[in-house]
Amino acid sequence: MSTEAQPGTVTIEQVDAAATYPLRARVLRQGRPVEITGDDAPYTLHLAARTSDGEVVGVVRFHPRDCPWREAEAAWQLRGMATDPRVRGLGAGRALVAEGLSRVVALGGDLVWCDARAAAVGFYERIGFATVTEAYDLPPVGPHRGMLIELPIR
Ligand SMILES: CC(C)(COP(=O)(O)OP(=O)(O)OC[C@H]1O[C@@H](n2cnc3c(N)ncnc32)[C@H](O)[C@@H]1OP(=O)(O)O)[C@@H](O)C(=O)NCCC(=O)NCCS
């Protein structure tokens, strides 16, 4: 299944973890191992945004994990969110998260949460997440805020 982010821009599709690694390495994890624990776990969902010529310009992953800040029946964590600087502001990030949220709902999830980098808090707010913590430090990256979105129960 695929979803158009904006006509003629990117297509969102499910991919193997390895397909997300080059962009994850460039944008998020300079100098750190590119793998995140659980990347190959059976329920981990990896999505990529591709241009019409097949280039991966956005990535994200979702996996089941209890939320530290709110009770939920079936919480999932969002991690590894990145878009290529050349496509920022064009909707690829929103399309990736929207597709992920709809798949999480289909899998019975009722909440998605993340440790949001301070510079990305505005992005998550813009797409419907709420900020639920003060700032906390996650070395080596720096300040983060806890954010979440509650999902309709299917
Ligand atoms: C954060 C990031 C994923 C956003 O991706 P993107 O492709 O630019 O997102 P979109 O174009 O879909 O943006 C959706 C909306 O959020 C806004 N937005 C995007 N980034 C924003 C930011 N950092 N602060 C405030 N608003 C932002 C966009 O302007 C757009 O607004 P609109 O509704 O008026 O159109 C991207 O900037 C990125 O990869 N940053 C570096 C890595 C990072 O911080 N990842 C998150 C780790 S927690």
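Everything discussed here concerns the structure shown above.
What counts, and where the lines are drawn
Residues numbered from 1 in each chain as written. Predicted model: local features only at pLDDT ≥ 70, side-chain atom pairs only at ≥ 80, totals over all residues. Heavy atoms only, no water. Buried < 20%, exposed > 50% of the residue type's maximum accessible area, 1.4 Å probe, protein only. Helix = DSSP H or I, 4+ residues; strand = E, 2+ residues; numbered from the N terminus. Pairing = 2+ DSSP bridges. Right-handed = clockwise from strand over helix to strand, strands pointing away. Near = heavy atom within 4 Å. Polar contact = N/O pair within 3.5 Å; in protein donor to acceptor, adjacent residues only side chain to side chain. Nonpolar A, V, L, I, M, F, W, Y, C, P; charged D, E, K, R; others polar.

**Student:** Got a minute to help me understand the pairing of strand E5 (residues 75-83) in this structure?
**Tutor:** In summary, the side chains of a regular strand alternate between the two faces of the sheet. For E5, the buried fraction is high: 8 of the 9 residues fall into the buried class. Here strand E4 (residues 56-64) runs beside E5; their pairing, made up of 6 bridges, is antiparallel. Across the sheet, residue Gly58 finds its bridge partner in E5, namely Thr83. The pairing of E5 with strand E6 (residues 111-117) spans 3 bridges and is classified as parallel. Of the residues in E6, the one forming a bridge with Ala75 is Leu111. Handedness of the β-α-β unit built from E5, helix H2 (residues 92-106) and E6 comes out right-handed.

**Student:** Would you mind showing me how to read the site of the ligand here?
**Tutor:** Around the ligand, the structure places 21 residues, and the nearest of them are Met81, Thr83, Gly91, Arg94 and Ala119. The separation between an oxygen atom of the ligand and a polar main-chain atom of Thr83 is 2.8 Å. One of the backbone N or O atoms of Gly91 is found 2.8 Å from an oxygen atom in the ligand. Of all the secondary-structure elements, those providing two or more residues to the shell around the ligand are E5, H2, E6 and helix H3 (121-126). Counting residues per element, the shell around the ligand draws most heavily on H3, which supplies 4 residues. Residue classes in the shell around the ligand are distributed as 11 nonpolar, 5 polar and 5 charged.

Read these as layout, nothing more, since geometry by itself doesn't imply function.
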